[in-house]
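# Chain and residue survey
Below are the chains, spelled out letter by letter.
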Amino acid sequence: MLIFIVIVALFAAGMLDLKLRKKFNIEKNQKFMDQYVGVWHLFLEVFLCFMFLSFVTVNLFDQKTVYALLMAFIMLLFMIRGFFEFLFRRDKRRHVISFTYVALCAVCSVAIALFM
């Protein structure tokens, strides 16, 4: 069931990304570092990843909870990214895609919690 949820989520993310980029005329990132607002944004996301990994490894969770927490963590990363893009790069409109990914991750997290 997890594989089905992930495949559907990836397909939905790809389709939503294409439609939103076309509708709002949002250009793709040219380089990897284009997705970060600044160096401090990169360091914040790396720090949060290390904190999440240490939290998951220190605590013992069952498989269902780990996957739901992973989706919630990815949702948090996209929330932060969308917030920074909204504050500092509002003219590029990439925050629309980031907040759409937040909603998609929330749906995936709930689906994993309910159906797995």
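See the structure shown above.
Read on for an overview of the structure.

About the criteria used
Residues numbered from 1 in each chain as written. Predicted model: local features only at pLDDT ≥ 70, side-chain atom pairs only at ≥ 80, totals over all residues. Heavy atoms only, no water. Helix = DSSP H or I, 4+ residues; strand = E, 2+ residues; numbered from the N terminus. Buried < 20%, exposed > 50% of the residue type's maximum accessible area, 1.4 Å probe, protein only. Contact = heavy atoms within 4.5 Å. Areas by Shrake-Rupley, 256 points an atom, 1.4 Å probe, with all protein chains shown as cover. Salt bridge = Lys/Arg side-chain N within 4 Å of Asp/Glu carboxyl O. Phe/Tyr/Trp six-rings, centres within 6.5 Å; stacked < 30°, edge-to-face > 60°.

## Considerations on the overall build of the chain
- Along the backbone of the chain there are four helices and zero strands.
- Ordered by position from N to C terminus, the α and β elements of the chain give α-α-α-α.
- For the chain, the C-alpha atoms occupy an extent of roughly 40 × 30 × 20 Å along the three principal directions.
- Across the 116 residues in the chain, those meeting the buried criterion constitute 36%.
- Within the chain, contacts between residues at least 6 apart in sequence are counted, and of these 71% link residues at least 24 apart.
- When the accessible surface of the chain is split by element, carbon and sulfur atoms take 74% of a total near 7,800 Å².

## Regarding the environment of Met71
- Along the chain, the position of Met71 falls in helix H3 (residues 63–88).
- In this structure Met71 comes out as buried when scored by relative accessible area, which is 13%.
- Not counting the four nearest positions on each side in its chain, Met71 is found in contact with Cys105, Cys108, Ser109 and Ile112.

## Structural notes on the side chain of Ser109
- Following the sequence through the fold, Ser109 ends up in helix H4 (residues 94–115).
- For Ser109, a relative accessible area of 14% corresponds to the buried category.
- Setting aside its immediate chain neighbours within four residues, Ser109 contacts Ala68, Met71 and Ala72.

## Description of the pattern of salt bridges
- Tallied over the full model, the rule gives two salt bridges.
- Residue Arg21 is joined to Asp17 by a salt bridge in which the shortest nitrogen-to-oxygen separation is 2.9 Å. Note that Arg21 and Asp17 are positioned in helix H1 (residues 2–24) at a spacing of four residues, about one turn of the helix.
- Note on Arg21: relative accessible area 16%, which makes it buried.

## Examining the packing of aromatic side chains
- Taken as a whole, this structure holds seven aromatic pairs when the rule is applied.
- Ring centres 4.8 Å apart and planes at 90 degrees place the aromatic pair Trp40 and Phe84 in the edge-to-face group. With Trp40 in helix H2 (residues 39–58) and Phe84 in helix H3, this residue pair connects regions lying 44 residues apart in the sequence.
- Taken together, a centroid distance of 4.4 Å and an interplanar angle of 10 degrees make the contact between Phe52 and Phe73 stacked.

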